[in-house]
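In case you want the letters, here they are:
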Amino acid sequence: IGFDPRSSEEPGATGLAAQAGVTQPRASQVLARLRDLNLVRRTARGRWQPDREALLERFLLEYRGPGGSERALYSLDDPRDVAKRAAVAASGDRRCCISADVGPDLVAPWRRPTAVIIYTTDDIDASRLGAVESGRNQANVFVRFPDDRSVFPSHRIVGDIDGVEVELADMTQLIWDLEHLGGEDRREGAERLRSWLLSH
């Protein structure tokens, strides 16, 4: 369950249910379980206050990934350019969100991106991205069609690449993807993004 960053006040169960797209009874059930785990607490005003750091750590520890399918591609171009082309290619009802390495770099820059993960609800032709099919070990572009739609934030998070607005995947997904792409530098990037998220 996410807390809308545009609000300075923690929402009640009804507000959280609306954000998460579930029923109010289901939201209350989940909140009671989170309270039992000491991950949220009830305030005197009847609101729910999260322990943001504990929630994030628990998520990263237990999340099994977005599921679905993936296409592995390779491009000679800068991954930022590939992400920009994906954003331009998105139209109509298609959701298209950018994740590691490019997404985190737009939030908390730490190094030049060498790969990009693109989450989408509909396929994007590789030629529109300036990429070709590739084996996973050689790939630097990963187009994913996730079963878990929480990778697409309920409130849009956007970055800018050369004047083109690109939608980013959920912040927790950005961190998870960095950690699972592997490498010491990506772990450093994940720590920077984690610090940024907890301070905002």
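None of these values were measured; they are calculated from a predicted model. (Residues numbered from 1 in each chain as written. Predicted model: local features only at pLDDT ≥ 70, side-chain atom pairs only at ≥ 80, totals over all residues. Heavy atoms only, no water.)

Novice: What should I look at first to understand unusual backbone geometry in this one?
Specialist: Where the residue is not glycine, phi is negative for most of them; where a peptide bond is considered, it is trans in most cases. A cis amide bond, omega -5°, links Ala-100 with the succeeding residue Asp-101. Non-glycine residue Asn-38 carries a positive phi angle of around 60°.

Novice: Looking at this structure, I do not really get the environment of Arg-149. What am I missing?
Specialist: Within the secondary structure, Arg-149 sits in the loop between β7 (141–145) and β8 (158–161). When the C-alpha positions of Arg-149 and Trp-48 are compared, they lie 24 Å apart, and in sequence the two are 101 residues distant. (Helix = DSSP H or I, 4+ residues; strand = E, 2+ residues; numbered from the N terminus.)

Novice: What's the story with the side chain of Asp-105 in this structure? I'm lost.
Specialist: By secondary structure assignment, the location of Asp-105 is in helix α5 (residues 102–107). Assessed through its relative accessible area of 11%, Asp-105 is described here as buried. A distance of 3.4 Å separates the side chain of Asp-105 from the side chain of Arg-80, its partner in a polar contact. Ignoring sequence-local partners within four residues, the contact set of Asp-105 consists of Arg-80, Trp-110, Arg-111 and Pro-113. (Buried < 20%, exposed > 50% of the residue type's maximum accessible area, 1.4 Å probe, protein only. Polar contact = N/O pair within 3.5 Å; in protein donor to acceptor, adjacent residues only side chain to side chain. Contact = heavy atoms within 4.5 Å.)

Novice: Even after reading the chapter, I still don't get the environment of Val-132, so can you show me in this structure?
Specialist: If you trace the backbone, Val-132 turns up in strand β6 (residues 132–133). Distance in space between the C-alpha atoms of Val-132 and Gly-103 is 21 Å, their sequence separation being 29 residues.

Novice: In this structure, what is going on with helix α8 (residues 184–199)? I would like to understand it.
Specialist: The α-helix advances 3.6 residues per turn, and as a result positions three or four apart in sequence lie on the same side. Given a rise of 1.5 Å per residue, 16 residues ought to cover 22 Å, and the 23 Å separating the end C-alpha atoms of α8 matches this to within 8%. Among the structural elements, α3 (52–62), β4 (96–101), α5 and α7 (171–181) are those in contact with the buried residues of α8. (Expected span 1.5 Å × (residues − 1).)

Novice: Explain the packing of α7 against α8 here, please?
Specialist: For any two helices packed against each other, the geometry is given by the interaxial angle and the distance between the axes. Their axes nearest at 8 Å, the elements α7 and α8 cross at an angle of 165°. By the angle between their axes, α7 is roughly antiparallel relative to α8. Considering only the axes of α7 and α8, their crossing is left-handed. When α7 is examined against α8, the residues Met-171, Thr-172, Leu-174, Ile-175, Leu-178, Glu-179 and Leu-181 are found in contact with a partner set consisting of Arg-186, Gly-189, Ala-190, Leu-193, Arg-194, Trp-196 and Leu-197. (Axes fitted to C-alpha atoms, helices over the stretch in contact; angles between N-to-C directions. Parallel < 35°, antiparallel > 145°, perpendicular 65-115°, else oblique. Left-handed = near helix turned anticlockwise from the far one by under 90°.)

Novice: Any chance you could explain the side chain of Asp-177 here in plain terms?
Specialist: Tracing the sequence through the fold places Asp-177 in helix α7. A polar contact is formed between the side chain of Asp-177 and the side chain of Arg-144, at a distance of 3.2 Å. Filtering out sequence-adjacent residues up to four positions away, Asp-177 remains in contact with Ser-99, Ala-100, Ile-117, Tyr-119 and Arg-144.

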